[in-house]
Amino acid sequence: MLPLSPYILLLGAFIAWAGLMFSWSRYIGEISERRRKEAVSQGETPPDMKGVSNYERAELREDAHRDTKVTKRERWIGRGLFFGVPALILIVFLATTPL
C-alpha cells in the first residue's frame, strides 16, 4: 500500500473543512429563518432601514432581522469553525511534515 502524500491529505482536510463550513452556514440560515418567521408571526417587526429603495429596504430588513435571530453561542461556533479548524489543520500538517 502506497503512503499518501501529506499535501494530498492537506488538500482533503481543506475540502472537508469547506464542506463543514457549507453545512454549518446552511444550518444557521435555516434555523435563523425559522426563528425570524416565528418572531414575525408573534408580531415582532424587523428593524427599519433608511436611505435605500423600497426593494432593497425589504431585503435588508429581512437580512438584519435574520441576523438578530442567531445566538451568541452559534456565532462563536461559526467563528471557531472558520478560524480554528484551518489553524488546527495547518498545525498538524506542519508538525508531521519534515521540512
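Model, not experiment: these values are computed from the prediction.

Participant: What should I look at first to understand the overall build of the chain in this one?
Facilitator: Regarding its fold elements, the chain presents 3 helices and 0 strands. Going from the N terminus to the C terminus, the chain shows its helices and strands as α-α-α. Computed over its C-alpha atoms, the radius of gyration of the chain comes to 20 Å, more than 25% above the 13 Å expected for a compact globule of 99 residues. The principal-axis extents of the C-alpha atoms in the chain amount to approximately 60 × 25 × 20 Å. In the chain, which comprises 99 residues, the share counted as buried stands at 22%.

Participant: So what exactly am I meant to see when it comes to the pattern of salt bridges here?
Facilitator: For side chains of opposite charge, pairing can occur when their charged atoms come near one another. Applying the stated rule across the entire model yields 8 salt bridges. The residue arginine 36 makes a salt bridge to glutamate 33 at a minimum N-O spacing of 2.8 Å. One end of the pair, arginine 36, and the other, glutamate 33, are both in helix α1 (residues 6-41), 3 residues apart, so they sit about a helical turn from each other. For arginine 36, a relative accessible area of 11% translates into the label buried. A relative accessible area of 18% places glutamate 33 in the buried class. The partner of lysine 69 in a salt bridge is glutamate 44, and the shortest N-O contact between them spans 2.9 Å. With lysine 69 in the loop between α2 (54-68) and α3 (72-96) and glutamate 44 in the loop between α1 and α2, this residue pair connects regions lying 25 residues apart in the sequence. Residue lysine 69 is classed as buried on the basis of its relative accessible area, which comes to 17%. With relative accessibility at 34%, the residue glutamate 44 sits in the partly exposed group.

Participant: What should I look at first to understand the nonpolar core in this one?
Facilitator: In this structure, Leu10, Trp17, Met21, Trp24, Ile28, Ile31, Val70, Leu81, Ile89 and Phe93 together form the largest nonpolar core, which totals 10 residues. Per-element tally for this core: the top contributor is α1, with 6 residues.

Participant: Looking at this structure, how should I read the side chain of glutamate 74?
Facilitator: Mapped onto the elements, glutamate 74 comes out in helix α3. There is a polar contact of 2.9 Å between the side chain of glutamate 74 and the side chain of arginine 35. When sequence neighbours within four positions are dropped, the list of residues in contact with glutamate 74 reads Trp24, Tyr27, Ile28, Ile31, Arg35 and Lys69.

Participant: How should I be thinking about α3 in this particular structure?
Facilitator: Working note: α-helix, 3.6 residues per turn, so residues spaced by three or four point in the same direction. With 25 residues, α3 should reach 36 Å at 1.5 Å per residue; the first-to-last C-alpha distance of 35 Å fits that figure. At leucine 81, α3 shows its largest bend, some 30 degrees. Regarding α3, the residues found buried are Glu74, Gly78, Leu81, Pro86, Ile89 and Phe93. Where α3 is buried, its residues contact α1.

Each value, and the rule that gives it
Residues numbered from 1 in each chain as written. Predicted model: local features only at pLDDT ≥ 70, side-chain atom pairs only at ≥ 80, totals over all residues. Heavy atoms only, no water. Helix = DSSP H or I, 4+ residues; strand = E, 2+ residues; numbered from the N terminus. Rg over C-alpha atoms; globule rule 2.2 N^0.38 Å. Buried < 20%, exposed > 50% of the residue type's maximum accessible area, 1.4 Å probe, protein only. Salt bridge = Lys/Arg side-chain N within 4 Å of Asp/Glu carboxyl O. Core = buried A, V, L, I, M, F, W, Y, C linked by side-chain atoms within 4.5 Å. Polar contact = N/O pair within 3.5 Å; in protein donor to acceptor, adjacent residues only side chain to side chain. Contact = heavy atoms within 4.5 Å. Expected span 1.5 Å × (residues − 1). Bend = angle between axes of the 7 residues up to and from the residue.

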